[in-house]
Amino acid sequence: MSPKLALLKNILEDLNEAQKLAVENIDGPIMVIAGAGSGKTRVLTYRVAYLLHKGVDAFHVLALTFTNKAAKEMKERVYQLIGSNEAKNVWMGTFHSIFARILRIEGHRLGYPSNYTIYDTDDSKNVIKQILKEQELDDKTYKPGMVLNRISSAKSSLYSTQKYNDDFEIQQQDKASGKPKLGLIFTLYNQRCFRSSAMDFDDLLYNMNVLLRDFPEVLYKYQNLFKYILVDEYQDTNFAQYFIVKQLAANNENLCVVGDDAQSIYAFRGANIQNILNFKNDYPDFKTYKLEQNYRSTKMIVNAANSVIAKNKDQISKIIWTQNNEGAPVQLMRASTENEEGQFIAHSIFENKMNHQLMNTAFAVLYRTNAQSRALEEALRRLNIPYRIYGGLSFYRRKEIKDLLAYFRLTINHKDGEALIRIINYPARSIGKTTTDKIIVSASEHEVSAWEVIEKPHEYNLGLNSGTTEKIRAFVTMIKSYAVMMETKDAYEVAKYIALHSGLMRDLNEDKTPEGISRYENIEELLNGIKEFTEQESKTEEGEPADTSMKTLGEYLQDIALLTDADADDKDDHDKVSLMTIHQAKGLEFPYVYIAGVEENLFPSIQSLGSRADLEEERRLFYVAITRAMEKVFITYAESRYKYGNLNFSEPSRFIDEIDEEFIEFPGSGGPEKRSLQTEERYQPKKSPLKSLVKKPDTSHLTRLKKITENGNNSHTLETDDSSLLQSGMDVEHERFGKGKILNIEGNGPNRKATVFFQMVGQKQLLLKFARLKILK
DNA sequence: ACCGTATTCAGCGCG
DNA sequence: TGAATACGGT
């Protein structure tokens with residue numbers, strides 16, 4: 001106990017006053033307004049540690065986050081603080097994962113088995129497509145994605161199908177928009193999911209609410225279980241989430257919500273900023289703490305961001321400040337086209353990388369829309385700058401992965417209709433479309449699951465020939481045999497058996513195209529993941545009673561059902577520049593941040609110009625973008641850009657003007673950025689958050705700078721003189737990369753660059769202006 | 001059953 | 001512009 005106590009004390013000393021108060025006030029409702037970079041995670045994790053330290057049992061603590069990533073980070077940091085044995089009993093996870101877990105236990109009250117399936121967005125859309133077909137509705141008017149959004153927001157606002165259909169206003173709206181059948185689709189959709197023993201993402205929150213509303217004993221149970229509740233990113237809660245928290249906390253009100261209204265950027269998907277603004281009404285005797293000291297960014301960046309967000313009306317007043325260095329002003333770059341914009345960014349990254357000896361991970365390029373990534377990618381590729389795009393198709397949504405997972409799902413939950421339809425004829429078993437259509441129609445007519453129909457085909461008069469009937473029987477037998485196997489074998493054994501026995505592996509193996517090979521490898525990767533899962537979990541934490549029970553396939557599925565791409569362990573993610581939308585960048589930080597496409601009608605987006613609320617959300621988004629940066633922000637815009645195939649001219653965004661001119665440098669208005677940064681480096685050898693990203697302490701670099709200063713010379717002239725002697729074929733030495741051979745030289749003047757093959761690190765492209773190559777004789 | 005062509009659509013996206 | 005999907009022909 002005592003080493004732990006010491007640890008707690010140490011960290012307590014690390015907290016500033018506001019953070020300390022937010023941690024120590026464990027009783028009663030508190031709201032923590034946490035400015036960007038103000039140590040929010042630290043407060044949350046330390047608060048959890050503090051609760052346990054005060055003798056609160058771990059299982060009485062509930063900590064809710066929005067993303068798996070946030071949950072993971074929080075877990076890791078709490079584990080570090082107090083050790084995993086105690087911490088692992090804390091209920092810590094995303095809203096969805098925690099309530100999914102509770103619904104496995106309590107869902108039977110609502111008619112769901114504990115092995116219910118969680119439908120992802122694709123499954124949901126497929127269900128909607130089926131309904132549209134059956135109802136003979138036009139999928140142009142009723143676009144599945146749009147229908148699903150409508151259903152999703154209804155559920156997020158706790159509207160039952162009944163209420164949706166009875167609500168006069170909603171019905172009027174739907175009629176007015178030419179979609180009067182939305183209510184019917186909603187009803188049928190819910191029925192179908194229920195018959196499949198499946199919940200979609202919103203059902204997890206919706207049904208949790210039903211549980212708490214209709215079963216007082218359940219409400220009572222969890223109110224008493226969760227004596228202390230913490231909610232991260234409270235400004236992002238939708239009504240369903242807000243209401244669960246409210247119910248659970250109603251008894252003892254030991255509720256701590258943490259958020260930043262200035263970073264609320266998800267109103268478009270149902271987040272209600274009022275939840276944080278109205279906290280004071282819900283909990284009149286609340287306390288509020290503001291974390292206003294920023295530990296992330298330079299003064300310039302903090303001030304630039306402040307000057308922007310000040311233009312918003314709806315906000316909780318706060319003053320974000322920092323003790324960090326002054327830093328350099330935000331730098332504006334104007335390009336004539338989107339391609340030039342990409343080039344500017346790529347070159348700037350290249351230069352800063354060389355100049356400051358930074359890793360690629362020190363850089364992020366942020367943009368408003370995914371479509372912008374193309375030009376940026378191209379430019380980076382041309383300079384051989386490795387990058388990673390976030391938000392591509394997630395591993396778990398690839399076809400082959402979904403196919404195999406569908407086998408698992410159907411094995412675990414036979415009623416899972418989407419899984420059944422997906423695999424009944426894959427690999428091909430001569431059960432064609434006509435047959436599957438008959439099964440779907442019959443199931444829906446008799447209001448049963450598809451499995452029920454194919455298990456007892458005679459009771460449902462499908463009118464199939466004996467051959468097909470036999471094939472279906474074989475399929476049923478196969479799935480049942482998997483289920484039997486699952487009783488005694490662990491997840492990996494069953495998974496591998498299914499992958500081989502079902503013919504899926506064979507089918508993929510026959511495809512020798514590069515895509516086919518990659519699909520096969522993906523399946524192997526999935527199986528490896530399952531193996532890891534099986535092994536990792538069987539050796540439990542030390543000191544715990546040995547967990548002799550094996551990990552089942554069902555547990556694996558539950559584990560991954562709520563995972564998304566962002567959670568995949570980035571193996572080959574060594575050292576790359578990050579490309580992502582601003583939304584995806586929330587919660588992250590980078591030394592150098594480029595914000596691309598800061599143009600009217602793109603950012604703010606044209607759709608947001610109609611309402612003040614929407615425009616303010618765009619502004620918060622811009623605020624989020626700026627505050628991702630630790631050292632330096634670059635804002636770029638292009639005067640023309642292709643949109644949907646035709647060239648559009650664009651003007652710089654109004655947001656650029658909203659940055660107070662003290663904190664922004666316009667093109668040509670100041671010296672080249674190189675100068676100010678070098679100056680900073682020379683005169684303010686600070687304890688920089690950049691340190692960990694610098695490849696090595698690099699004292700030679702400093703010595704060199706000093707030497708240059710003494711000489712009264714600058715690096716530029718020195719380097720050009722040296723580098724003009726370089727030719728391809730020469731052996732050279734780089735202070736960091738070591739010895740190498742020049743393969744090629746191209747470009748002129750300051751853009752002259754060399755392709756060098758280094759013995760240590762392989763091929764690199766270097767701008768000679770910065771590379772300081774030494775010629776070896 | 002499958003492949004190539006036509007058509008359509010285009011904002012951000014947690015789980 | 002280009003990707004994703006629907007459709008139609010063989």
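Look up: the structure comes first, before these words.
All figures in this text were calculated on a predicted structure; none of them were measured in a lab.

Right, let's talk about the overall build of chain A for a bit. Looking only at helices and strands, one finds 35 helices and 23 strands in chain A. A burial count over chain A gives 53% of its 777 residues as buried. Of all intrachain contacts in chain A linking residues separated by at least 6 positions in sequence, the fraction that spans at least 24 positions is 75%. Total accessible area on chain A is roughly 35600 Å²; 50% of this is exposed by carbon and sulfur atoms.

This paragraph deals with the pairing of strand E17 (residues 646-649). Strand direction decides the pairing type here: strand E16 (residues 629-643) and E17, joined by four bridges, are antiparallel. Within the sheet, the bridge partner assigned to Arg 641 lies in E17 and is Asn 648. Between the antiparallel neighbours E16 and E17 lie two residues, among them Tyr 644 with a positive phi of about 50°.

This part takes up the pattern of salt bridges. Between side chains of opposite charge, a pair can form as their charged atoms come close. For the structure shown, the criterion picks out 42 salt bridges. Glu 106 serves as the salt-bridge partner of Arg 109, at 2.9 Å between the closest nitrogen and oxygen. For Glu 106, a relative accessible area of 1% gives the class buried. For Glu 134, the salt bridge goes to Arg 192, with nearest N and O atoms at 2.8 Å. On the criterion of sequence distance, the pair formed by Glu 134 in helix H7 (residues 121-134) and Arg 192 in helix H11 (residues 182-195) is long-range, its members being 58 residues apart. Look at Arg 192 and you get buried, because its relative accessible area is 14%. Because the salt bridges share partners, they merge into one network encompassing Asp 120, Asp 122, Asp 123, Lys 402, Arg 409 and Asp 416.

On to the protein's contact with DNA strand B. For DNA strand B, the set of nearby residues contains 23 residues, the closest of which are Thr 67, Asn 68, Arg 368, Asn 370 and Thr 564. Backbone sugar and phosphate groups make up 40% of those atoms of DNA strand B lying within 4 Å of the protein. Between Asn 68 and DNA strand B, the recorded distance is 2.3 Å, taken from a backbone N or O atom to a phosphate oxygen. Only helix H12 (201-214) and helix H29 (582-585) provide two or more residues apiece to the surface near DNA strand B. Here the surface near DNA strand B is built from residues that sort into five nonpolar, 13 polar and five charged.

A separate point is the sheet that holds strand E7 (residues 255-259). One open sheet holds the six strands; their spatial order is E3-E2-E6-E7-E1-E8, and the pairing between them is parallel. If you trace the sheet from one side to the other, it starts and ends with strand E3 (91-94) and strand E8 (287-291), each paired once. Neighbour-to-neighbour, the strand axes of this sheet turn through a mean angle of 15°, independent of strand direction. By the bridge criterion, five bridges tie strand E1 (residues 30-34) to E8 in an arrangement that is parallel. Residue pairing across strands places Val 32 opposite Tyr 289, the latter belonging to E8.

The subject of this paragraph is helix H28 (residues 553-561). Restricting attention to buried positions, one finds in H28 the residues Leu 553, Gly 554, Tyr 556, Leu 557 and Ile 560. Considered in projection along H28, the buried side chains sweep an arc of 160° and stay on one side of the axis.

The subject of this paragraph is the environment of Ser 728. Along the chain, Ser 728 falls in the loop between helix H34 (715-723) and strand E19 (731-734). By relative accessible area, which is 46% here, Ser 728 ends up partly exposed. In this structure the C-alpha to C-alpha distance between Ser 728 and Val 756, which are 28 residues apart in sequence, comes to 8.7 Å. Each residue touching Ser 728, except ones within four places of it in the same chain, is listed here: Ile 742, Leu 743, Asn 744 and Ile 745.

Moving on to the nonpolar core. Core analysis: the biggest nonpolar cluster contains 51 residues, and Phe 408 and Leu 526 have the highest contact counts within it. Ranked by size, the runner-up nonpolar core spans 48 residues in total, among them Ile 118, Leu 204, Ile 229 and Ile 273.

Backbone torsion omega between Tyr 426 and Pro 427 reads -10°, so that peptide bond is classified as cis. Its location among the elements puts Pro 427 in the loop between helix H21 (417-423) and helix H22 (433-445). Residues Phe 603 and Pro 604 are joined by a peptide bond in cis, for which omega reads 10°. Mapped onto the elements, Pro 604 comes out in the loop between strand E15 (590-595) and helix H30 (612-626). Although it is not a glycine, Gln 357 adopts a positive phi angle of roughly 50°. Mapped onto the fold, Gln 357 is located in the loop between helix H18 (338-356) and strand E12 (363-367). Phi at Glu 447 is positive, roughly 55°, even though this residue is not glycine. Mapped onto the fold, Glu 447 is located in the loop between H22 and helix H23 (450-455). Its relative accessible area of 54% is what places Glu 447 among the exposed residues.

In total, this model carries 22 aromatic pairs according to the counting rule given. Note on Phe 239 and Phe 243: the rings are 5.4 Å apart at their centroids and 25° apart in plane angle, and the pair reads as stacked. Here Phe 239 and its partner Phe 243 are both found in helix H14 (residues 239-249), four residues apart, which amounts to about one turn of the helix. Under the relative-accessibility criterion, Phe 243 is labelled partly exposed at 28%. Here Phe 603 and Phe 622 contribute two aromatic rings whose centre-to-centre distance is 5.5 Å and whose plane-to-plane angle is 80°, an arrangement assigned as edge-to-face. Placement of Phe 603 in the loop between E15 and H30 and of Phe 622 in helix H30 is noted, with a sequence separation of 19 residues between them. This pair shows no difference in class: Phe 603 is buried, exactly as Phe 622 is. A connected cluster of aromatic rings, assembled from ring pairs, spans Tyr 234, Phe 279, Tyr 283 and Phe 286. When the ring centre of Tyr 390 is taken as reference, the NZ or CZ atom of Arg 388 above it lies at 4.2 Å.

Moving on to the packing of helix H2 (residues 17-24) against helix H3 (residues 40-53). At a closest axis distance of 8 Å, the pairing of H2 and H3 adopts a crossing angle of 40°. The orientation of H2 relative to H3 falls into the category oblique. Considering only the axes of H2 and H3, their crossing is right-handed. Counting all contacts with H2, which are made through Gln 19, Ala 22, Val 23 and Glu 24, the residues of H3 involved are Val 43, Tyr 46, Arg 47 and Tyr 50. Grouping the amino acids of the contact of H2 with H3 by side-chain chemistry returns five nonpolar, one polar and two charged.

With that settled, consider the side chain of Gln 263. Here Gln 263 shows up in the loop between E7 and helix H15 (274-277). Setting aside residues up to four positions removed in sequence, Gln 263 forms contacts with Ala 34, Gly 35, Ala 36, Gln 235, Lys 586, Arg 620, Tyr 623, Val 624 and Arg 628.

The next point concerns the side chain of His 583. Here His 583 lies in helix H29. Of the residues examined, His 583 reaches a relative accessible area of 16% and is grouped as buried. Reaching out from His 583, the side chain makes a polar contact with the backbone oxygen of Ile 265 at a distance of 3.2 Å. Every residue in contact with His 583, bar those within four places of it in the chain, is listed here: Ile 265, Tyr 266, Phe 268, Arg 368 and Leu 621.

Attention now goes to H2. Inspection of H2 places Ala 18, Gln 19, Ala 22 and Val 23 among the buried residues, and these make up the whole buried set. One side of H2 carries all its buried residues, which in axial view fall inside an arc of 135°. Of the residues flanking the start of H2, the one acting as N-cap is Asn 16, its side-chain oxygen 3.2 Å from the backbone nitrogen of Ala 18.

Procedures and definitions
Residues numbered from 1 in each chain as written. Chains lettered and ligands numbered in written order. Predicted model: local features only at pLDDT ≥ 70, side-chain atom pairs only at ≥ 80, totals over all residues. Heavy atoms only, no water. Helix = DSSP H or I, 4+ residues; strand = E, 2+ residues; numbered from the N terminus. Buried < 20%, exposed > 50% of the residue type's maximum accessible area, 1.4 Å probe, protein only. Contact = heavy atoms within 4.5 Å. Areas by Shrake-Rupley, 256 points an atom, 1.4 Å probe, with all protein chains shown as cover. Pairing = 2+ DSSP bridges. Salt bridge = Lys/Arg side-chain N within 4 Å of Asp/Glu carboxyl O. Near = heavy atom within 4 Å. Polar contact = N/O pair within 3.5 Å; in protein donor to acceptor, adjacent residues only side chain to side chain. Nonpolar A, V, L, I, M, F, W, Y, C, P; charged D, E, K, R; others polar. Axes fitted to C-alpha atoms, helices over the stretch in contact; angles between N-to-C directions. Arc of directions from axis to C-beta. Core = buried A, V, L, I, M, F, W, Y, C linked by side-chain atoms within 4.5 Å. Phe/Tyr/Trp six-rings, centres within 6.5 Å; stacked < 30°, edge-to-face > 60°. Lys NZ or Arg CZ within 6 Å of the ring centre and 35° of its normal. Parallel < 35°, antiparallel > 145°, perpendicular 65-115°, else oblique. Left-handed = near helix turned anticlockwise from the far one by under 90°.

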